[in-house]
Structure formats: C-alpha cells, structure tokens
Amino acid sequence: MNILVLPPFTEAQRRVLEAGAPGSAFTYTSPANATDEQISSADVIVGNLPPERLAVARRVRLLQLNSAGYDAYAAPGIVPEGCALASAVGAYGQAVAEHLYAMVLMLMKHLDGYRDDQRDHVWGERGAVTTMAGARVLVLGAGDIGQHFARLARAHGARVVGVRRHAGAAPEGFEHIYTMDALPELLPQVDVIASFLPSTPTTRGIVDGAFLARCKRGAYFANGGRGDLVVQADLAEALERGQLAGAALDVTVPEPLPADDPLWDAPNLLITPHVAGGFHLHTVLDNIARIAAENLRRLGAGEPIINAV
C-alpha cells in the first residue's frame, strides 16, 4: 500500500505507525505540502487533508483523520466512494481533560485574578476559594474526554455523574450515568458542569438562559466540546449577575473570537483559543499513531476498522 502521512510524527511514532502495515510505502509530508500526485497515488491518507483536495484521491481506501471531529468530511461527496473514514476518537482525552480541569481549578482558587494582580503590581486578597473535594460534578458527554475529566475530579474527592445519549453502566470515575432528559433535575444539584459534547442538532444552543437559570447559584461551567453548545450572550449575563461563579471556554462561536466581542470582558471567565487538543501534548500524536497503525493492520487483514464514521 501507498500510505500518505500528514501529522508531524516523531521517528518513534513513525515506527509505531509503520508496524501496522509492514512492507508498505510511507510518504511523510504535511497538509500544506502534499502534492496532487502524492494524494492521487495514496491507498491510505493519515491526517486531515483539506476536504476540497480529496477530489484527486482516486485510489484512497481509508482516510484516517487526526481529529476526533469529522464535521468537515461528513457532507455527501466529500469522501471518495469506496473510501472508509475513521476519526481519532481516543487520542485527545488526557490533553483536553487536563486543560479544562486546570481552567476550572484556576477559577476555584482565583488564580486568574491573582495573575491580573501580578501584572498590575497589586498585593491583595481575593476572598474565599472553593475545592473539588466533596464537590458534585456533572460531565456532559461521558466518552473518552469526559471519562478522563471524571477520573481527575474523582481523584480529588469529587462525586461525579455523567450525561450521554444512552444510559448504562457507569465508566470508571462516574457514580452514575443519566440521559439528557435528566438535566433539569441534575443542574440545581451540581457545583461544576463540564461539557465535552459534539455539535449536533440536539446539542446546539442548549446552554442558554433557561439552562443557566436552573444551575446552582455559584456553580462553575466549562466547555471543551463545541462552541455552538453555548448561547454566549446568556452565559455572559449569568456571569454578570453571579448566577455562575465562573466559566471556562476553550471553544467559542466564531473562532477566532473577534477582538471586539463582548464575551472577552465577561467577569470570571477564562477563554483559551481552542488549544486544549491539537498536538500540544505529546501523548496526542502517540495515540494517533497507535490508532492509525491498528486501522492499517485491520485494513490489510480485511477486518472492520475502529472509529469508523
């Protein structure tokens, strides 16, 4: 097989990948530098090639994305006929969960404010802080990222419940799993809400004024899933009137968030520019190489691929 590889794998990660398809020809480049000839001769493409460039991929049998999301490739006609599409679900759990968890802890301990004080050369107190120990935590989306977040919170003494599309056995870190129907009852009971939900017709805009009004006063909200989950004006208002003690966003609408967007100035809000994932933590590329290698092995053996879209 001719395998075109776009992520910036290290030599060690390349060895892991190549072990999945011994004897194959591997070409390493980047999305920006991949040529039409390389794309047209590839049997497998590993990485997020710009969707419009897939038109020349005449031989491709598998497109292994390096992202958990696949929205840009979901429209009919984007992925060539006969080509399997696989996501990188399972690669980002540690990276995104640690990032969002750190943001929540910063808010709980007022570290964001103390950083501002440091810049302003102010020596002062910012009042009482809160803790994860004994807190009730609600995780929206109990997949890979949500499970990592739950384990972090549980390790610090929190009691964690989760919400997903289907109820069932609670994964490690969770006390119980509910369906979305339980949200009205759960929101007034919890101290922290962390969302890792994808963008779907049923999730877009669910964190609105009504949702936030049901939240326990003084709760914290964090979103590391998709920005369109949140009605941002309603979130800013909830922060202004103290309904929420703080909020952490790694995703917004739009992205980049315009410099004049009023969300920037909402009180007790931490914003990071969709950097929780990406390749910033080395384990992400380790995981992508492992997932891709397994799918190369499965493709060669005629077995069903993992993370099939």
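**Overview of the overall build of the protein chain**
Part 1 of the argument: For the protein chain, the count of helices and strands is 9 helices and 12 strands.
Part 2 of the argument: For 309 residues, the compact-globule formula gives about 19 Å, and the C-alpha radius of gyration of the protein chain, at 21 Å, lands near that figure.
Part 3 of the argument: Judged by the C-alpha coordinates and their principal axes, the protein chain covers about 60 × 45 × 35 Å.
Part 4 of the argument: For the protein chain, buried positions account for 46% of its 309 residues.
Part 5 of the argument: Counting contacts in the protein chain only where the partners sit at least 6 residues apart, residues at least 24 apart contribute 57% of the total.
Part 6 of the argument: Element-wise, carbon and sulfur atoms account for 53% of the exposed surface of the protein chain, whose accessible area totals about 14,800 Å².
Part 7 of the argument: On the protein chain, the mean spot of the 25 positive side-chain charges and the mean spot of the 33 negative ones are 6 Å from each other.

**Describing the nonpolar core**
Part 1 of the argument: Core analysis: the largest hydrophobic core is formed by 51 residues, its most contacted members being Met-132, Val-137 and Phe-149.
Part 2 of the argument: Sorting the residues of this core by element identifies strand E1 (2-5), strand E3 (44-46), helix H3 (93-108), strand E6 (136-140), helix H5 (144-155), strand E9 (192-195), strand E10 (219-223) and helix H9 (282-301) as the ones contributing at least two each.
Part 3 of the argument: Counting residues per element, this core draws most heavily on H3, at 9 residues.
Part 4 of the argument: Not counting chain neighbours up to four residues away, the residues in contact with Phe-149 comprise Ala-97, Leu-100, Tyr-101, Val-137, Val-139, Ala-194 and Phe-196.
Part 5 of the argument: Core analysis: the second largest hydrophobic core is formed by 31 residues, Phe-211, Cys-215, Leu-229 and Ala-236 among them.

**Quick look at the side chain of Asp-250**
Part 1 of the argument: Within the secondary structure layout, Asp-250 lies in the loop between strand E11 (244-249) and strand E12 (269-271).
Part 2 of the argument: This buried residue, Asp-250, is left without a salt bridge; Arg-226 holds the nearest opposite charge, at 8.0 Å.
Part 3 of the argument: When sequence neighbours within four positions are dropped, the list of residues in contact with Asp-250 reads His-99, Leu-100, Asn-223, Glu-255, Thr-272, Pro-273, His-274, Val-275 and Ala-276.

**Regarding the pattern of salt bridges**
Part 1 of the argument: In the structure shown here, the tally under the stated rule is 10 salt bridges.
Part 2 of the argument: As a salt-bridge pair, Arg-126 and Asp-117 come within 2.9 Å of each other at their nearest N and O atoms.
Part 3 of the argument: The partner of Glu-303 in a salt bridge is Arg-297, with the nearest N and O atoms 3.0 Å apart.
Part 4 of the argument: According to the relative accessible area criterion, Glu-303 is partly exposed, its value standing at 34%.
Part 5 of the argument: Judged by relative accessible area, Arg-297 falls into the partly exposed class, the value being 36%.
Part 6 of the argument: Because the salt bridges share partners, they merge into one network encompassing Glu-294, Arg-297, Arg-298 and Glu-303.

**Quick look at the environment of Thr-29**
Part 1 of the argument: Note on placement: Thr-29 falls in the loop between strand E2 (25-28) and helix H2 (36-40).
Part 2 of the argument: Along the sequence, Thr-29 and Ala-75 sit 46 residues apart, while their C-alpha atoms lie 26 Å from each other.
Part 3 of the argument: In this structure, Thr-29 is in contact with Leu-4, Val-5, Leu-6, Ala-34 and Gln-38, ignoring residues within four places of it in sequence.

**A closer look at the side chain of Ser-195**
Part 1 of the argument: Tracing the chain through its elements places Ser-195 in strand E9.
Part 2 of the argument: A distance of 3.4 Å separates the side chain of Ser-195 from the backbone nitrogen of Leu-197, its partner in a polar contact.
Part 3 of the argument: Not counting chain neighbours up to four residues away, the residues in contact with Ser-195 comprise Leu-140, Ala-222, Asn-223, Gly-224, Gly-225 and Leu-229.

**Points about the environment of Leu-65**
Part 1 of the argument: Following the sequence through the fold, Leu-65 ends up in the loop between strand E4 (62-64) and strand E5 (84-86).
Part 2 of the argument: With a relative accessible area of 0%, Leu-65 lands in the buried category.
Part 3 of the argument: Between the C-alpha atoms of Leu-65 and Phe-149, which are 84 residues apart in sequence, the distance is 23 Å.
Part 4 of the argument: Those residues in contact with Leu-65 that lie beyond four places of it in its chain are Gly-47, Asn-48, Tyr-70, Tyr-73, Leu-85, Ala-86, Ser-87 and Ala-88.

**Looking at the sheet that holds E4**
Part 1 of the argument: Spatially, the 5 strands line up as an open sheet ordered E2-E1-E3-E4-E5, and their pairing is parallel. Across the chains shown, the open sheet's two edge strands, defined by having one partner strand only, are E2 and E5. Each neighbouring strand pair of the sheet contributes to a mean axis angle of 15°, computed without reference to strand direction.
Part 2 of the argument: Taken together, the 3 bridges between E3 and E4 define a ladder with parallel strand orientation. Residue pairing for E4: Ile-45 is matched across the bridge by Leu-63.
Part 3 of the argument: Its contacts with the sheet place H9 against E1, E2, E3, E4 and E5, and it is angled at close to 165° to E4.

What counts, and at which threshold
- Residues numbered from 1 in each chain as written.
- Predicted model: local features only at pLDDT ≥ 70, side-chain atom pairs only at ≥ 80, totals over all residues.
- Heavy atoms only, no water.
- Helix = DSSP H or I, 4+ residues; strand = E, 2+ residues; numbered from the N terminus.
- Rg over C-alpha atoms; globule rule 2.2 N^0.38 Å.
- Buried < 20%, exposed > 50% of the residue type's maximum accessible area, 1.4 Å probe, protein only.
- Contact = heavy atoms within 4.5 Å.
- Areas by Shrake-Rupley, 256 points an atom, 1.4 Å probe, with all protein chains shown as cover.
- Lys, Arg positive; Asp, Glu negative; His and termini not counted.
- Charge placed at Lys NZ, Arg CZ, Asp CG, Glu CD.
- Core = buried A, V, L, I, M, F, W, Y, C linked by side-chain atoms within 4.5 Å.
- Salt bridge = Lys/Arg side-chain N within 4 Å of Asp/Glu carboxyl O.
- Polar contact = N/O pair within 3.5 Å; in protein donor to acceptor, adjacent residues only side chain to side chain.
- Pairing = 2+ DSSP bridges.
- Axes fitted to C-alpha atoms, helices over the stretch in contact; angles between N-to-C directions.

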